[in-house]
Amino acid sequence: MKYTRLVALSSAMLMSVASWTASAELVFPSLDYRTGPYAPNGIPFADGYHDYLTLLNERDGGIGGVPLRVLPCETGYNTEKGVECYESTKGEGSLVYQPLSTGITYQLIPKATADGIPVHSMGYGRTSAANGAVFSHIFNYPGTYWDAASIIVNYILGEEGGDLKDKSITLVYHNSAYGKEPIRTLEELSKKHGYNLTLLAVDHPGQEQKSQWLQIRRERPDYVLMWGWGVMNQVAIQEAANIRYPMDQFIGVWWSASENDVIPAGEGAHGYKAIAFHGVGDGFAVYDDLRKYVVDAGKAAGDGSNLGTVLYNRGMYAAMLAAEAALTAQGIHGVAQINSGQMRDGMEALKVDQARMTELGLENFGPEINVSCANHGGPGLGAIQQWDAGSQSWSLITGFSGADREVVDALIAEDSAAFAAENNITPRDCGA
Amino acid sequence: MFYRESGDFKTSYRGDQQMFPIFLDRWFVITVSAFAFLVVPFLINDYWEKSVLVPVMVWAMAALGLNLLTGYCGQLSLGTGGFMAVGAYASYKLTTSFPEMNMFIVILLSGGVTAFVGVLFGLPSLRIKGFYLAVATLAAQFFLVWLFNKVPWFYNYSGSGMITAPERFMFGIAISGPNSPPWATYLFCLVIVVVFALIAKNLTRGRVGRSWMAIRDMDIAAEIIGVPPLRTKLSAFAVSSFYIGVSGAMFFMIYLGAAEPTEAFGIDKSFLVLFMIIIGGLGSILGSFIGAAFMVLIPVLFKNIMVGGLGWPTDLVAHLILILIGGLIMFFLIVEPHGLAQLWRITKEKLRLWPFPH
């Protein structure tokens with residue numbers, strides 16, 4: 001007991017020292033992970049997020065004249081550390097949390113709602129949070145896992161000429177809340193389209209997948225889908241290459257679609273496909289500014305080697321959407337120093353059209369965003385990207401298209417109603 | 001001079017047999033408890049609750065449980081994570097099936113369910129010992145986590161396989177869920193931990209604890225002098241699993257609020273608790289608390305010093321913490337193989353003689 005007090009006392013003193021620094025600034029906490037088995041994916045995202053906010057500071061002097069402060073906290077993709085990070089940063093005026101982990105998002109959904117701080121789980125987290133009437137503080141625009149699952153199935157439908165009868169699809173998934181998210185949608189869609197669905201779970205951290213791929217080798221499903229993250233992606237793609245599974249029938253979710261995942265498999269990964277909700281590469285005007293103001297000025301969060309990679313783009317996109325939401329919030333409330341409640345209003349009124357994207361140097365980077373009270377899940381559009389091992393680059397091979405709204409919306413309504421009933425939430429009136 | 005028993009006369013058996021026979025010891029424990037019950041609830045905030053005090057109490061509870069089994073009865077177990085999962089899922093099923101049920105009863109019943117499961121997995125201990133038993137309990141760890149992943153009934157058929165703690169009230173105050181005030185959850189855990197620490201302390205001083213220690217020190221000799229190995233070992237498994245189940249229920253209901261089996265109750269949790277009791281001190285109630293505090297608070301303390309105080313990069317700090325914790329564990333095990341509780345014991349011995357050691 002004595003040690004407990006000693007340790008607790010000294011950490012309290014440090015905490016109070018750390019929290020004196022708050023002044024006129026907009027605080028964006030970054031619950032990132034640069035260590036552990038998920039670091040290969042966590043680092044580029046964190047770099048992109050941090051660098052874009054640094055760019056706004058350096059080039060524009062912040063948002064609406066208020067400087068930004070990024071508050072990094074290492075979670076290691078671990079929910080307990082995530083909770084600790086949330087508790088230690090929420091008191092510093094944090095505007096929005098982007099934990100980049102479905103597990104941590106699940107932890108934060110009730111806590112952040114109670115604290116009045118919005119969470120933006122961009123393309124991850126709890127899919128039914130798309131129903132803004134129930135999840136007032138949780139946003140997952142521009143798309144959800146269920147959109148992704150449905151868009152992939154739509155793509156397969158297109159490949160197979162519109163008929164999936166007696167086709168077999170296998171889902172290789174991370175055995176966690178994240179990996180299990182698409183199962184329900186894929187099951188619903190299998191009822192509708194008549195394909196056979198096989199589920200193969202891969203346990204954390206995902207380095208051991210021999211038995212799963214042995215089963216795939218034996219059964220030779222027509223398509224393999226993957227919901228993987230971290231080292232699991234690299235191992236799966238390598239294993240698929242080892243058993244010579246046709247790569248163009250192997251389709252990952254947008255989190256299994258970065259350079260770090262395919263490069264280790266070398267030539268074997270050629271033709272691997274994945275869904276994406278934003279553009280690829282560094283051919284956007286914003287990169288000129290990023291290089292000029294951030295990387296060349298020595299202010300990059302990482303070593304600057306990740307610019308233009310898929311996950312760097314996504315982190316930057318997340319930061320861009322957060323900054324736009326903050327700008328919207330400043331406009332709505334007429335104050336520059338917004339708080340988290342006002343930030344929430346800004347996110348709910350967020351509109352990013354192509355003209356604005358062009359203005360930001362991100363012409364045709366992604367679909368238009370139009371968040372509303374009822375729809376926190378955004379447009380739900382995705383495109384299929386494919387890896388070219390020769391030129392070491394991704395390219396979009398389809399345009400952006402939507403999900404099977406009939407199936408997905410019904411599932412969202414069902415799941416969010418269950419959540420509302422479980423937690424005694426009366427859905428807000430969004431005025432339709 | 002400050003800390004001695006001379007002059008502290010006992011005139012009754014009752015006085016002689018009390019839990020803390022030394023006057024200063026007694027007052028130290030009473031003062032700390034009074035401080036914890038009467039002062040801390042007024043000072044506590046969210047950060048202290050969620051990052052410091054509640055996790056320490058939850059892990060102390062788990063360490064207590066494992067210490068009863070491993071430290072007192074000598075049965076090595078690597079199933080702690082799995083048993084915590086049993087407690088967590090039992091509390092989830094109970095509270096979602098009977099929303100009106102009192103939270104204390106939910107937590108205690110979850111401990112009861114875990115005790116039953118623990119006895120089942122304790123059965124092999126009658127045949128196998130030491131490392132081989134550790135492997136058998138390892139099977140429990142993997143089986144239980146697999147079970148909670150596999151059978152949707154346990155997570156009420158939720159799409160993602162996550163369990164989420166619903167909001168539950170006691171005396172009109174939320175104990176679980178996001179709106180629970182920090183002092184309420186803190187006091188709730190504190191009551192459970194203090195009561196069960198006292199029970200554990202008394203168990204180990206009585207007939208049951210002595211029979212556990214007899215089995216630990218030499219099971220054949222114990223059997224010859226009339227300690228039944230079956231009942232003794234299984235009672236150790238039952239009591240230990242009860243504690244671990246209660247800890248798992250608090251871990252899920254009070255501390256995390258949402259959990260999935262693979263991550264929250266993985267094998268690393270089993271090792272974490274085992275490290276806690278080894279560092280804190282095997283066969284020591286105080287050691288369970290010190291060990292839990294050490295393993296939970298040192299990383300937080302280092303993080304606050306290096307990131308909050310010195311402003312170092314978070315990834316560098318995360319790696320440094322691993323190195324430093326590993327180094328500290330080795331350091332303490334080399335200078336004091338019997339754990340941190342032994343350091344406290346030695347300090348007490350020294351204090352008794354001070355200032356005239358000879």
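Residues numbered from 1 in each chain as written. Chains lettered and ligands numbered in written order. Predicted model: local features only at pLDDT ≥ 70, side-chain atom pairs only at ≥ 80, totals over all residues.

**Student:** Pulling in residues and values, what's your account of the overall build of chain B?
**Tutor:** Secondary structure assignment for chain B yields 15 helices and four strands. Relative to the globule expectation of 21 Å for 358 residues, the C-alpha radius of gyration of chain B, 21 Å, shows essentially globular dimensions. Referenced to the eigenvectors of the C-alpha coordinate spread, the extents of chain B come out at roughly 70 × 55 × 45 Å. Counting across all 358 residues of chain B, residues that qualify as buried make up 48%. (Helix = DSSP H or I, 4+ residues; strand = E, 2+ residues; numbered from the N terminus. Rg over C-alpha atoms; globule rule 2.2 N^0.38 Å. Buried ≥ 20, exposed ≤ 12 C-beta atoms within 10 Å, placed from the backbone.)

**Student:** Residue-level account of the overall build of chain A, with values.
**Tutor:** Counting secondary structure elements, chain A contains 15 helices and 14 strands. Taking 2.2 N^0.38 as the reference for a compact globule, 432 residues should give roughly 22 Å; the C-alpha atoms of chain A span a radius of gyration of 21 Å, in line with that estimate. Counting over 432 residues, chain A shows a buried share of 59%. Taking contacts inside chain A between residues at least 6 apart in sequence as the whole, the part at least 24 apart equals 71%. (Contact = placed C-beta atoms within 7 Å.)

**Student:** Which residues make up helix α13 (residues 340–348) of chain A, and what values do they have?
**Tutor:** Every buried residue belonging to α13 of chain A is among Ser340, Met343, Arg344, Gly346, Met347 and Glu348 of chain A, and all of these are buried. Tucked inside the fold, the buried residues of α13 of chain A contact β3 (119–120), β4 (138–139) and α12 (310–333) of chain A.

**Student:** Any details on the environment of Asp222 of chain A? Residues and values, ideally.
**Tutor:** All names here are of chain A. Here Asp222 lies in the loop between α8 (210–219) and β7 (223–227). What makes Asp222 partly exposed here is the crowd of 17 C-beta atoms within 10 Å. C-alpha separation for the pair Asp222 and Ser168, spaced 54 residues apart in sequence, amounts to 5.3 Å.

**Student:** Just give me the short version of the packing of helix α13 (residues 285–309) of chain B against helix α14 (residues 314–335) of chain B, but keep the residues and values in it.
**Tutor:** All names here are of chain B. Orientation of α13 relative to α14, taken along the N-to-C sense of each, is 140°, at an axis distance of 10 Å. Relative to α14, the element α13 is oriented oblique. Considering how the two elements wind past one another, α13 and α14 form a crossing that is right-handed. On the side of α13, the interface is formed by Ile298, Pro299, Phe302, Lys303, Met306 and Val307, while α14 contributes Thr314, Val317, Leu320, Ile321, Leu324, Ile325 and Leu328. Considering only residue class, the contact of α13 with α14 consists of 11 nonpolar, one polar and one charged. (Axes fitted to C-alpha atoms, helices over the stretch in contact; angles between N-to-C directions. Parallel < 35°, antiparallel > 145°, perpendicular 65-115°, else oblique. Left-handed = near helix turned anticlockwise from the far one by under 90°. Nonpolar A, V, L, I, M, F, W, Y, C, P; charged D, E, K, R; others polar.)

**Student:** Could you give an account of the interface of chain A and chain B, naming the residues involved and the relevant values?
**Tutor:** At the junction of the two partners, chain A supplies 41 residues and chain B supplies 40 residues. Of all the elements in the fold, those that place two or more residues in the side of chain A that touches chain B are α1 (2–18), β2 (68–74), α3 (79–89), α4 (102–115), α6 (177–180) and α15 (405–422) of chain A. Sorting elements by how many residues they give to the side of chain A that touches chain B places α1 of chain A first, with 10 residues.

**Student:** Any details on the confidence of the model for chain B? Residues and values, ideally.
**Tutor:** Of the residues in chain B, 99% reach a pLDDT of 70 or more, and the chain-wide mean stands at 89. Interface predicted TM-score (ipTM) for the complex: 0.86; the corresponding pTM is 0.89. (pLDDT = per-residue confidence, 0-100.)

**Student:** Residues and numbers for the packing of helix α4 (residues 80–97) of chain B against helix α6 (residues 130–150) of chain B, please.
**Tutor:** All names here are of chain B. One can describe the packing of α4 onto α6 by two numbers: an axis separation of 7 Å at closest approach and a directional angle of 35°. Taken as a pair, α4 and α6 cross one another with a handedness that is left-handed. Note on element contacts: α6 touches α4 through Ala140, Gln141, Leu144, Val145 and Phe148, opposite Gly81, Gly82, Ala85, Val86 and Tyr89. Classifying every residue of the contact of α4 with α6 by side-chain character gives seven nonpolar, three polar and no charged.

**Student:** Before we move on, could you go through the pairing of strand β9 (residues 273–276) of chain A and cite the residues and values that matter?
**Tutor:** Residue and element names in this part refer to chain A. In β9, alternate side chains face the same way, and those of Lys273 and Ile275 on one face and Ala274 and Ala276 on the other are all buried. Across two bridges, strand β8 (residues 250–252) lies against β9 in parallel orientation. Looking across to β9, one finds that Ile251 is bridged to Lys273. Across four bridges, the pairing between β9 and strand β12 (residues 381–388) is antiparallel. Considered in β12, the bridge of Ala274 is made with Gln385. (Pairing = 2+ DSSP bridges.)

**Student:** With reference to specific residues and values, describe the pairing of strand β5 (residues 168–174) of chain A.
**Tutor:** Residue and element names in this part refer to chain A. Of all seven residues making up β5, six are buried, and the element is well covered by its neighbours. Bridging between β5 and strand β6 (residues 196–202) involves seven bridges; their strand directions are parallel. Residue Ser168 lies in a different strand from β6, and its bridge partner there is Asn196. Inspection of the sheet shows β5 paired to β7 by five bridges, in the parallel sense. Bridging from a neighbouring strand, Thr170 pairs with Val224 of β7.

**Student:** With reference to specific residues and values, describe unusual backbone geometry.
**Tutor:** Leaving glycine aside, a negative phi is the common case for residues, and trans is the common case for peptide bonds. Residues and elements named next belong to chain A. In this structure, the amide linkage connecting Tyr141 to the following residue, Pro142, adopts the cis form with an omega of 10°. The residue Pro142 is located in the loop between β4 and α5 (145–159) in this model. We note that Leu100 has phi near 50°; this positive angle belongs to a residue other than glycine. With respect to the helices, strands and loops of the structure, Leu100 is situated in the loop between α3 and α4. Its identity as a non-glycine residue notwithstanding, Arg244 has a phi of 55°, on the positive side. Note on placement: Arg244 falls in the loop between α9 (231–242) and β8. Looking at Arg244, the number of C-beta atoms within 10 Å reads 9, which means it is exposed.

**Student:** Talk me through the nonpolar core; I want residue IDs and the actual numbers.
**Tutor:** Residue and element names in this part refer to chain B. Met61 and Met250 are the most contacted members of the largest nonpolar core, which totals 229 residues. Ranked by residue count, the leading element in this core is helix α3 (residues 46–72), at 16 residues. Excluding residues within four positions of it along the chain, Met250 makes contact with Val58, Met61, Ile107, Cys189, Ile192 and Tyr255. Grouped together as the second largest cluster of nonpolar side chains are five residues, Met306, Val307, Val317 and Ala318 included. (Core = buried A, V, L, I, M, F, W, Y, C linked by C-beta atoms within 7 Å.)

**Student:** Could you give an account of the environment of Arg218 of chain A, with specific residues and numbers?
**Tutor:** Residues and elements named next belong to chain A. Relative to the helices and strands, Arg218 resides in helix α8. What makes Arg218 exposed here is the crowd of 8 C-beta atoms within 10 Å. C-alpha separation for the pair Arg218 and Ile243, spaced 25 residues apart in sequence, amounts to 9.9 Å.

**Student:** Mind laying out the environment of Asn196 of chain A, listing which residues take part and the relevant values?
**Tutor:** Locating Asn196 of chain A in the fold gives a position in strand β6. Spatially, the C-alpha atom of Asn196 of chain A lies 37 Å from that of Asp32 of chain A, the residues being 164 residues apart in sequence.

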